[in-house]
Amino acid sequence: MSRQEQKAQTRGRILEAAGRSFRRSGYGGVGVDGLAKAAGVTSGAFYVHFGSKQEAFRAAVEGGLADLEAGVRYFQQSFADTWWERFVRFYLTDKRSCDLGESCSLQSLAPEVARAGEEERAVFEAGLGAVARTVVDGPTSPDKPQRLEAALAALAMLVGAVSLGRAMATEPAAEQVAEAIARVLLSGRGLRG
């Protein structure tokens, strides 16, 4: 493996660990030493790849939203005309119940981005827009949002349902929220327009 490949691999490992750490603990809940430790590198090695914790956070936000966009594309390619329902059901179950470190960046990092600077908010906005456009431009699927505004509303509803579900004390209460949102998004009267 070349030096460039090793460097790229280390950067990727740091970025992956940073994303998990920020999703699990929030921006204020982890420092550079913790990010480096999670990636299995020294703090000095962290600074070779990222000039600051804020730079790593911005990259983690960008990467997390790119991962969500890739996930939407996966559902579109794998499930043809049923992709939207399968994506909604997956998001409302798996992304609601997984470890926070593996949660969706859209759901877990939005509050952190809201407290961050303009650059982070711009990265988040661009990533969210790309995900919404991927939904709209995707293949035909019953109840799929067909306009950008409808896709943004659907994503907001999914994120809200997951956030509320994670905060519930009992699984039946969390499931009730998820099912309510699924009914709206998949009822034929939802946000297609």
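Conventions we followed
Note that residues are indexed from 1 along each chain, following the sequence as it is written. Totals for whole chains, interfaces and linings use every residue, but because this is a predicted model, local features are given only for residues with pLDDT of at least 70 and side-chain atom pairs only at 80 or more, for both listing and counting. Calculated side-chain values reflect all of the structure's heavy atoms, with hydrogen atoms and water omitted. Salt bridge criterion: a side-chain nitrogen from Lys or Arg within 4 Å of a carboxyl oxygen from Asp or Glu. The helix count covers DSSP runs of H or I at least four residues long, the strand count covers runs of E at least two residues long, and both are numbered beginning at the N terminus. Type-normalised accessible area, obtained with a 1.4 Å probe on protein chains alone, sets the label of each residue: buried when under 20%, exposed when over 50%, and partly exposed for intermediate values. UniProt positions are given in the numbering used here, feature names are shortened, and annotations may be inferred rather than shown by experiment. Aromatic rings from Phe, Tyr and Trp, with only the six-membered ring used for Trp, were paired whenever their centres fell within 6.5 Å, and each pair was classed as stacked if the ring planes differed by under 30 degrees, edge-to-face if by over 60, and tilted otherwise. Placement of a charge over a ring requires the Lys NZ or Arg CZ to be within 6 Å of the ring centre, with the centre-to-atom vector within 35 degrees of the ring normal. For helices, the fitted line uses only the C-alpha atoms of the stretch in contact; every axis is such a line through C-alpha atoms, and the angle between N-to-C directions lies from 0 to 180 degrees. Relative orientations are named as follows: roughly parallel for angles under 35 degrees, roughly antiparallel for angles over 145 degrees, roughly perpendicular for angles from 65 to 115 degrees, and oblique for any other angle. Throughout, a contact is declared for two residues whenever any of their heavy atoms are within 4.5 Å. Gly is placed with the polar residues, together with every amino acid not listed as nonpolar (Ala, Val, Leu, Ile, Met, Phe, Trp, Tyr, Cys and Pro) or charged (Asp, Glu, Lys and Arg). By disulfide we mean two sulfur atoms from cysteines, separated by a distance within 2.5 Å.

Participant: Please explain the pattern of salt bridges as it appears in this structure.
Facilitator: Where side chains of opposite charge bring their charged atoms close, a pairing between them can arise. All told, the structure shown has eleven salt bridges when counted by the stated rule. Here Glu16 makes a salt bridge to Arg20, at a shortest N to O gap of 3.0 Å. Remark: Arg20 and Glu16 occur in helix α1 (residues 3–25); sequence separation between them is four residues, near one turn of the helix. The exposure class of Glu16 is exposed, given its relative accessible area of 52%. One salt bridge in this structure joins Glu171 and Arg96, with 3.0 Å as the shortest N-O distance. Note that Glu171 is positioned in helix α9 (residues 171–186) and Arg96 in helix α5 (residues 83–97), a separation of 75 residues in sequence. Its relative accessible area of 47% is what places Glu171 among the partly exposed residues. Residues joined by salt bridges that share partners form a network here, namely Arg58, Glu119 and Glu120.

Participant: Before we go on, may I ask you to explain the UniProt feature "domain: HTH tetR-type" (unreviewed entry) in the protein in this structure?
Facilitator: The positions UniProt marks with the feature "domain: HTH tetR-type" (unreviewed entry) are residues 8–68. Structurally, residues 8–68 is divided into 80% helix and 0% strand, and its ends, taken at the C-alpha atoms, are 22 Å apart.

Participant: Looking at this structure, I do not really get the packing of aromatic side chains. What am I missing?
Facilitator: To describe a pair of aromatic rings, you give the distance between the ring centres and the angle between the ring planes. Counted by the stated rule, this structure contains 13 aromatic pairs. Aromatic side chains Phe22 and Phe57 sit 5.1 Å apart centroid to centroid with 85° between the ring planes, which places their arrangement in the edge-to-face category. Here Phe57 lies in helix α4 (residues 53–79) and Phe22 lies in helix α1, a separation of 35 residues in the sequence. Take Phe22: its relative accessible area is 0%, and that puts it in the buried class. With 5.1 Å between their ring centres and 70° between their planes, Tyr27 and Phe57 make a pair best called edge-to-face. Of this pair, Tyr27 sits in the loop between α1 and α2 (32–39) while Phe57 is found in helix α4, placing the two residues 30 residues apart along the sequence. Given a relative accessible area of 1%, Phe57 falls into the buried group. Among the aromatic residues, those joined into a ring-pair cluster are Tyr74, Phe75, Phe79, Trp83, Trp84, Phe87, Phe90 and Tyr91. Stacked on the ring of Tyr27, the Lys or Arg Lys53 has its end atom at 4.1 Å from the ring centre.

Participant: What am I meant to see in the packing of helix α8 (residues 148–167) against α9 here?
Facilitator: The angle between the axes and the distance between the axes are what describe a pair of packed helices. Between α8 and α9, the least distance of the axes is 8 Å, while the angle of their chain directions is 170°. One way to sum up the angle between α8 and α9 is to call them roughly antiparallel. Touching Ala154, Met157, Leu158, Ala161, Leu164 and Gly165 of α8 are Ala174, Val177, Ile181, Val184 and Leu185, all from α9. Across the contact of α8 with α9, the residue classes tally to ten nonpolar, one polar and no charged.

Participant: For this particular structure, what's the right way to read the state of the cysteines?
Facilitator: Put plainly, two cysteines are in a disulfide when a covalent bond ties their sulfur atoms together. If you walk through the whole model with that rule in mind, you get zero disulfides. Distance from the sulfur of Cys104, which forms no disulfide, to the nearest cysteine sulfur (Cys98) is 8.9 Å. Note on Cys104: relative accessible area 7%, which makes it buried.

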